[in-house]
Amino acid sequence: MYDPQDSRGVPVSTGIPMIVRVTALIGIAVIFCIAGLVIYASPFGHSWPNTAATEIKL
């Protein structure tokens, strides 16, 4: 579609395509899901404070 007000025939933008919008929303959702999994899994395998640290033989 062309801008009827412009005699040069400049095309009018139709905006951001729907596939780009959907892909961006899915990407943002995946980022938050991965961040949530990292936060959820972070305490496993860790003991804070490390009680064995004071038993190190120097």
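Please read all numbers here as calculations on a predicted model, not as lab measurements. (Residues numbered from 1 in each chain as written. Predicted model: local features only at pLDDT ≥ 70, side-chain atom pairs only at ≥ 80, totals over all residues. Heavy atoms only, no water.)

## Description of the overall build of the protein
- Along the backbone of the protein there are one helix and zero strands.
- The buried share among the 58 residues of the protein stands at 2%.
- Here the protein displays about 5800 Å² of accessible surface, and carbon together with sulfur accounts for 71% of that area. (Helix = DSSP H or I, 4+ residues; strand = E, 2+ residues; numbered from the N terminus. Buried < 20%, exposed > 50% of the residue type's maximum accessible area, 1.4 Å probe, protein only. Areas by Shrake-Rupley, 256 points an atom, 1.4 Å probe, with all protein chains shown as cover.)

## Details of a nonpolar patch on the surface
- A cluster of nonpolar side chains, M18, V22, I26, V30, I34 and V38, forms an exposed patch at the surface whose accessible area comes to about 550 Å².
- Mapped onto the elements, I34 comes out in helix α1 (residues 18–41). (Patch = residues over 30% accessible without salt bridge, like charges linked within 9 Å, V, L, I, M, F, W, Y side chains within 5 Å. Salt bridge = Lys/Arg side-chain N within 4 Å of Asp/Glu carboxyl O.)

## Concerning α1
- With 24 residues, α1 should reach 34 Å at 1.5 Å per residue; the first-to-last C-alpha distance of 35 Å fits that figure.
- Within α1, only zero of the 24 residues are buried, leaving the element largely exposed. (Expected span 1.5 Å × (residues − 1).)

Honestly, it's all geometry; don't read function into it.
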